[in-house]
Amino acid sequence: RVQKIKILRKSVLMSGGPGSGKGTQCEKIVAKYGYTHLSSGDLLRAEVASGSERGKQLQAIMQKGELVPLDTVLDMIKDAMIAKADVSKGYLIDGYPREVKQGEEFEKKIGAPALLLYVDAKAETMVQRLMKRGETSGRADDNEETIKKRLDLYYKATEPVIAYYEKRGIVRKINSELPVDEVFAIVVKAIDELK
Ligand SMILES: Nc1ccn([C@@H]2O[C@H](COP(=O)(O)OP(=O)(O)OP(=O)(O)O)[C@@H](O)[C@H]2O)c(=O)n1
Ligand SMILES: Nc1nc2c(ncn2[C@@H]2O[C@H](COP(=O)(O)OP(=O)(O)O)[C@@H](O)[C@H]2O)c(=O)[nH]1
Ligand SMILES: [Mg+2]
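Residues numbered from 1 in each chain as written. Chains lettered and ligands numbered in written order. Predicted model: local features only at pLDDT ≥ 70, side-chain atom pairs only at ≥ 80, totals over all residues. Heavy atoms only, no water.

Turning our eyes to something else, we now look at the overall build of the chain. Within the chain, the regular secondary structure consists of nine helices and five strands. A globule of 195 residues ought to have a C-alpha radius of gyration of about 16 Å, and the chain, at 16 Å, matches this closely. Principal axes of the C-alpha set define a box for the chain whose edges measure 45 × 40 × 30 Å. Burial analysis of the chain (195 residues in total) assigns 46% to the buried set. Summarising the internal contacts of the chain: among those between residues at least 6 apart in sequence, 76% fall at separations of at least 24. (Helix = DSSP H or I, 4+ residues; strand = E, 2+ residues; numbered from the N terminus. Rg over C-alpha atoms; globule rule 2.2 N^0.38 Å. Buried < 20%, exposed > 50% of the residue type's maximum accessible area, 1.4 Å probe, protein only. Contact = heavy atoms within 4.5 Å.)

Put simply, side chains in a regular strand alternate between the two faces of the sheet. The alternating pattern of strand β1 (residues 12-15) places Val-12 and Met-14 and Leu-13 and Ser-15 on opposite faces, both of which are buried. One ladder, built from three bridges, connects β1 with strand β3 (residues 91-94); its direction is parallel. Pairing of Met-14 across the sheet is with Asp-94, part of β3. Where β1 meets strand β4 (residues 115-120), four bridges bridge the pair, whose relative direction is parallel. Note that in β4 the partner of Ser-15 across the bridge is Tyr-118. (Pairing = 2+ DSSP bridges.)

The next point concerns the UniProt feature "binding site: ATP" (unreviewed entry) in the chain. Sites flagged by UniProt as "binding site: ATP" (unreviewed entry) map to Gly-19, Ser-20, Gly-21, Lys-22, Gly-23, Thr-24, Arg-133 and Leu-178. Relative to the assigned elements, Gly-19 resides in the loop between β1 and α2 (22-33). Looking at the element boundaries, Gly-21 is found in the loop between β1 and α2. A residue is classified by how much of its surface remains accessible, and Gly-21, at 18% relative accessible area, is buried. Setting aside chain neighbours within four positions, we find Gly-21 in contact with Val-119 and Arg-129. (UniProt positions renumbered as here; feature names shortened; annotations may be inferred.)

In C-alpha cells:
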C-alpha cells in the first residue's frame, strides 16, 4: 500500500489522438525527468512480436484499429509498474486509458494519477503525420484505412476519458500543432508544477 502511494505521486497520463505526438513528447520527458515510460501500444506490440498465441489474437484486433480487452492492457501496465517500483522516479503512461471504463479500472487497481497531459492536434494533422510515419514505421496499423478507424474510435471512446479527468482538475491541454520543442516547453511547465 505504501508503495502504491509512492509510485503514483508523480504519475502522468499522456493522452491525445493517434499521431498527436504522445510518443515524441514522452521520449523528451524521459530524457529530462528519467520517468519510466509505459506505452500501452508498445507493450502490446512486444507481445505480438513474441509470437505467442495471445500475441496473435492481439495482432488481429490492433490491425483493425479496435481496442483489445481492458484487463489485458491493465495487467500489462500494472506488472510493468510493479517491476520498476523501486527505481522509478515517476511513471509516464502513454495511450491508456482509452475509454472511461479503463480509467475507472485504473483508479481501482492502481490509483489516481497526478496529471493528464492532453496533446491536441487537428484530425487532418494527425492523419498526415501517421501517413508519413507509416512510410518507415513498419506498423500494420499505420495505413489509411486503419488510421481512419483509430481516429473515429479516439473521438468516440478516448475523448470522454479526458472529460472524466477534467472534472478532477488534473488535465493540461497542450496544442501539439506547434513545433516539437515548443510543445515540450509547455509540457515541462506542467510537470514542474507537480513538485
Ligand atoms: N490501451 C490500449 C492501447 C493500445 N491498444 C491497441 O493498440 C493499437 C495501437 O496503440 P498505440 O500505439 O497507443 O497507437 P495510437 O495511439 O493509435 O497511435 P500512436 O502509436 O501513434 O500513439 C490501438 O489502435 C489498439 O488497437 C489498445 O487496444 N488499448
Ligand atoms: N510537426 C510536428 N510533428 C510531430 C510533432 N510531434 C510528433 N510529430 C510527428 O508525428 C508523428 C507521430 O508522432 P508520435 O509521437 O508517434 O505520436 P503518437 O501517435 O501520439 O504517439 C511522428 O512521425 C512525429 O515525428 C510535433 O509537435 N510537430
Ligand atoms: Mg505512440
